[in-house]
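If you want the building blocks of each chain, they are given just below.
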Amino acid sequence: MLGRSDGTLNPAGVRFGSAELYNVLDAVPEVADSLAVGQKVGDDERVCLFLVMAEGKTLTPAIRDAIKAKIRAQLSPRHVPAVIVAVPDIPYTINGKKVEVAVKRIISGQKIVPSGTLRNPESLDIFYKIPELKL
């Protein structure tokens, strides 16, 4: 498993690290940055993937399908995110780490107060307003 322990995803009881997805996405030229987190769905969770698209690119159905196919081929069908959404920004700490836990809490229905360790705290507001995440 690749990634920090707080970035562990567990859809349908299959545990893997978010860094496994990041490694695949690093080779996708249309994607500038990404964030993978789990969203609670009852007693389970689904994987949600947020993408900052490269300059001049938009997340089209063809790009979404190509990303899913690449993840399925390089990892497994269980790694394929249930939701893939383009966002304008990914939250980071001042130390340059992706902020997965706060986003996971937000998309699972919790209200959070950004800590002083965030480089771009306003980026968290995006995740309260994504229609594809409403259950």
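What counts and what doesn't
- Residues numbered from 1 in each chain as written.
- Predicted model: local features only at pLDDT ≥ 70, side-chain atom pairs only at ≥ 80, totals over all residues.
- Heavy atoms only, no water.
- Helix = DSSP H or I, 4+ residues; strand = E, 2+ residues; numbered from the N terminus.
- Buried < 20%, exposed > 50% of the residue type's maximum accessible area, 1.4 Å probe, protein only.
- Contact = heavy atoms within 4.5 Å.
- Areas by Shrake-Rupley, 256 points an atom, 1.4 Å probe, with all protein chains shown as cover.
- Lys, Arg positive; Asp, Glu negative; His and termini not counted.
- Charge placed at Lys NZ, Arg CZ, Asp CG, Glu CD.
- Pairing = 2+ DSSP bridges.
- Axes fitted to C-alpha atoms, helices over the stretch in contact; angles between N-to-C directions.
- UniProt positions renumbered as here; feature names shortened; annotations may be inferred.
- Phe/Tyr/Trp six-rings, centres within 6.5 Å; stacked < 30°, edge-to-face > 60°.
- Lys NZ or Arg CZ within 6 Å of the ring centre and 35° of its normal.
- pLDDT = per-residue confidence, 0-100.

Visitor: Give a detailed account of the overall build of the protein chain, specifying residues and quantitative values.
Guide: A count of helices and strands for the protein chain gives three helices and five strands. For the protein chain, the sequential pattern of α-helices and β-strands runs β-β-α-β-β-α-β-α. Every one of the 135 residues in the protein chain was classed for burial, and the buried ones make up 47%. Across the protein chain, the fraction of contacts at a sequence separation of at least 24, relative to all contacts at a separation of at least 6, is 60%. For the protein chain, the accessible surface area stands at approximately 7,200 Å², while carbon and sulfur atoms represent 52% of it. Looking at charge distribution, the protein chain has the averaged site of its 18 positive side-chain charges lying 3 Å from that of its 15 negative ones.

Visitor: Let's hear about the sheet that holds strand S5 (residues 83–86): which residues, and what values?
Guide: Taken together, three strands build an open sheet; the order of strands is S3-S4-S5 and the sheet is mixed. Looking at the sheet topology across the chains shown, the edges are occupied by strand S3 (31–41) and S5. Geometrically, the sheet is characterised by an average inter-axis angle of 25° between neighbouring strands, direction not taken into account. Here four bridges tie strand S4 (residues 44–53) to S5, and the two strands are oriented parallel to one another. When the sheet's bridge partners are listed, Phe50 is paired in S5 with Val85. Across the face of the sheet, helix H2 (residues 61–74) comes into contact with S3, S4 and S5 while running at roughly 125° to S4. Of the strands in this sheet, S3 and S4 are in contact with helix H3 (residues 100–107), which crosses S3 at around 50°.

Visitor: Let's hear about the UniProt feature "domain: AMP-binding enzyme C-terminal" (unreviewed entry) in the protein chain: which residues, and what values?
Guide: Here the UniProt feature "domain: AMP-binding enzyme C-terminal" (unreviewed entry) sits at residues 23–97. Overall, residues 23–97 shows 23% helix and 33% strand. The separation of its end C-alpha atoms is 15 Å.

Visitor: Got a sec to walk through the packing of aromatic side chains? Specific residues and values, please.
Guide: Within a pair of aromatic rings, the relevant descriptors are the distance that separates the centres and the angle that separates the planes. Scanning all chains against the criterion turns up one aromatic pair. Both rings, one in Phe50 and one in Phe127, keep their centres 4.9 Å apart while their planes meet at 85°; by these two values the pair is edge-to-face. Taken together, the residues span a long stretch of sequence, with Phe50 in strand S4 and Phe127 in the segment after H3 at a distance of 77 residues. Phe127 carries the same exposure label as Phe50, and that label is buried. The ring of Tyr22 carries Lys98 above its face, with NZ or CZ at 3.8 Å from the centroid. The side chain of Lys111 reaches across the aromatic face of Tyr128, ending 4.4 Å from its centre.

Visitor: I'd like to hear about the confidence of the model for the protein chain, residue by residue, with values.
Guide: Caution applies to low-pLDDT regions: their predicted coordinates should not be interpreted in detail. The predicted model of the protein chain has a mean per-residue pLDDT of 92, with 95% of residues at 70 or higher. Taken together, the stretch residues 1–5 has pLDDT below 50 and engages in 13 contacts with residues farther than four places along the chain or on a different chain.

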